[in-house]
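# Fold and geometry: a report
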Amino acid sequence: TKICYEGKTVLITGGGGSIGSELCRQLAGMNPCKVILLDIYENGAYDVQQELKIANGSNPDIQIVICSVTDKPALCRVFEQYRPQIVIHAAAHKHVPLMEDSPAEAIKNNVFGTYNTAKAAGDFGTSLFILISSDKAVNPTNVMGASKRLCEMVVQSMNGHSGTNYIAVRFGNVLGSNGSVIPLFKKQIAEGGPVTVTDKRVTRFFMTIPEAVSLILQAGAYAKGGEVFVLDMGQPVRIDDMARKMIRLSGFEPDVDIKIVYTGLRPGEKLYEELLLKSEGLQKTDNHLIYIGHQMMYTPEEIDEKLEKLRGVIYAEAPEVRECVLSLIQEPADKMYDEIPTGEEKETATV
């Protein structure tokens, strides 16, 4: 993996976030020529810069750029100045219930932000573009997931139209990331409860941040262009079990010392997340935790048509925006497979 990043200028959008900052940490040990950490949120970016300065002395060269991926001219200036060879696009709004309430922001930041960054990569000679995607992009029931599926479509449609190889890497929740369930449970336990779980049956896929980032960087080394890499997240975890385990580890008895309250699924949430679409077979790579999902590809013209529709609703009322986004990711039925390979079937599943 190291060879892929050694001596390269790497741009990380959303570099101050949970995934972005860990990408900076791991890349720092791979001898890049320069790491450009781009983020709209200055505090997170500053913290990462200070941490890496202390850890690495003056090496590697880490540049902080405060910029929004929705600001096309500013973004193009960054690309023109630094000419990154590798771009890892982690900037995104990711909170499911919040994006249900503000769907236009999910569109602006996630979809158009991805389009702007991916287009600039093609225009300014980037060799590899990695989109950080999510298991919520699979059969989305919410705006955040639908926006991420559109991001995947956008980058795949750009592949083969410039010298840039575009890929996406899709995985589930990361443990301890900003706004995730574990820090919330810790805080609730420290306050004496109650611990809130949406539904007793809810399950999620989990992985540690360093583990997910190491696999993202490896997927980059496997890239030929156009792939959606799917990380094997192991078995889904029941959130209720996790809450009970954390309460016990803190020295308390669930339902006795600390109550668990079931609050009901929030808008847009699913009981179970999935890691692939029906239209995807899974192909193995050399790493048993990284698979390649094969999907329907869209032409740039088809994507432009979808983006045009989105531009038309960006200032509309939230329900109209939500409806538009979800309608744009419906895959034509004749392209679907009937079965999703799971478990043992994954070993041999190819397209």
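The structure we're discussing is the one just above.
Residues numbered from 1 in each chain as written. Predicted model: local features only at pLDDT ≥ 70, side-chain atom pairs only at ≥ 80, totals over all residues. Heavy atoms only, no water.

### Remarks on a negative patch on the surface
On the surface, a cluster of negative charge is contributed by Glu 301, Glu 302, Asp 304 and Glu 305. Mapped onto the secondary structure, Glu 302 falls in helix 11 (residues 300-313). Its relative accessible area of 35% is what places Glu 302 among the partly exposed residues. (Patch = residues over 30% accessible without salt bridge, like charges linked within 9 Å, V, L, I, M, F, W, Y side chains within 5 Å. Areas by Shrake-Rupley, 256 points an atom, 1.4 Å probe, with all protein chains shown as cover. Salt bridge = Lys/Arg side-chain N within 4 Å of Asp/Glu carboxyl O. Lys, Arg positive; Asp, Glu negative; His and termini not counted. Charge placed at Lys NZ, Arg CZ, Asp CG, Glu CD. Helix = DSSP H or I, 4+ residues; strand = E, 2+ residues; numbered from the N terminus. Buried < 20%, exposed > 50% of the residue type's maximum accessible area, 1.4 Å probe, protein only.)

### Quick look at the pairing of strand 15 (residues 290-293)
Consecutive side chains of a regular strand alternate in pointing toward one face of the sheet and then the other. Residues Ile 290 and Ile 292 point to one face of strand 15 and Tyr 291 and Gly 293 to the other, with burial holding for every one of them. Of the strand pairs in this sheet, strand 14 (residues 282-284) and strand 15 are connected by three bridges, and their pairing is antiparallel. The residue bridging Leu 282 from the neighbouring strand is Gly 293, located in strand 15. A loop of five residues connects strand 14 with strand 15, the two strands running antiparallel in sequence. (Pairing = 2+ DSSP bridges.)

### Let's talk about the packing of helix 2 (residues 18-28) against helix 9 (residues 209-222)
Relative orientation of the contacting elements helix 2 and helix 9 amounts to 65°, with a least axis distance of 9 Å. Taken together, the axis directions place helix 2 and helix 9 in an arrangement best described as roughly perpendicular. Pair helix 2 / helix 9 crosses with right-handed handedness. Only Ile 209, Pro 210, Val 213, Ser 214, Ile 216 and Leu 217 of helix 9 make contact with helix 2, whose side of the interface consists of Ser 18, Ile 19, Glu 22, Leu 23, Gln 26 and Leu 27. Of the residues belonging to the contact of helix 2 with helix 9, the class tally is eight nonpolar, three polar and one charged. (Axes fitted to C-alpha atoms, helices over the stretch in contact; angles between N-to-C directions. Parallel < 35°, antiparallel > 145°, perpendicular 65-115°, else oblique. Left-handed = near helix turned anticlockwise from the far one by under 90°. Contact = heavy atoms within 4.5 Å. Nonpolar A, V, L, I, M, F, W, Y, C, P; charged D, E, K, R; others polar.)

### Here's the deal with the pattern of salt bridges
Summed over the entire model, instances satisfying the criterion amount to 19 salt bridges. Lys 34 serves as the salt-bridge partner of Asp 61, at 2.7 Å between the closest nitrogen and oxygen. Highlighted residues: Asp 61 in strand 3 (residues 61-66) and Lys 34 in strand 2 (residues 34-39), separated in sequence by 27 residues. For Asp 61, a relative accessible area of 30% gives the class partly exposed. Members of the salt-bridge network, linked through shared partners, are Asp 135, Lys 136, Arg 204 and Glu 273.

### Topic: the sheet that holds strand 2
Across the sheet, nine strands lie side by side as 3-2-1-4-5-6-11-15-14; this open sheet has mixed pairing. Strands with a single pairing partner mark the edges of an open sheet, and in this sheet they are strand 3 and strand 14. In this sheet, adjacent strand axes meet at a mean angle of 25° when their direction is disregarded. Bridge analysis of strand 1 (residues 9-13) against strand 2 gives five bridges, and the strand direction is parallel. Each residue of the ladder has a partner; that of Val 10, found in strand 2, is Val 35. Helix 4 (residues 72-82) rests against strand 1, strand 2, strand 3 and strand 4 (86-89) of the sheet, and its axis sits at about 175° to strand 2. The sheet strands contacting helix 6 (residues 103-123) are strand 1, strand 4, strand 5 (128-132) and strand 6 (165-170), and the helix crosses strand 5 at an angle near 170°.

### Some points on the side chain of Gln 156
When you line up the elements, Gln 156 lands in helix 7 (residues 143-158). By relative accessible area, which is 4% here, Gln 156 ends up buried. Setting aside residues up to four positions removed in sequence, Gln 156 forms contacts with Gly 226, Glu 227, Val 228, Gln 295, Met 296 and Met 297.

### Remarks on a nonpolar patch on the surface
Together, Ile 40, Tyr 41 and Ile 66 make up an exposed nonpolar region whose accessible area comes to about 340 Å². Counting through the fold element by element, Ile 40 comes out in the loop between strand 2 and helix 3 (42-56).

### Some remarks on the environment of Val 237
You can see Val 237 is positioned in strand 12 (residues 237-238). Once the C-alpha coordinates of Val 237 and Tyr 272 are considered, the two residues, 35 residues apart in sequence, prove to be 9.8 Å apart. Those residues in contact with Val 237 that lie beyond four places of it in its chain are Val 202, Thr 203, Arg 204, Phe 206 and Met 242.

As far as function goes, none of this settles anything; it's purely spatial.
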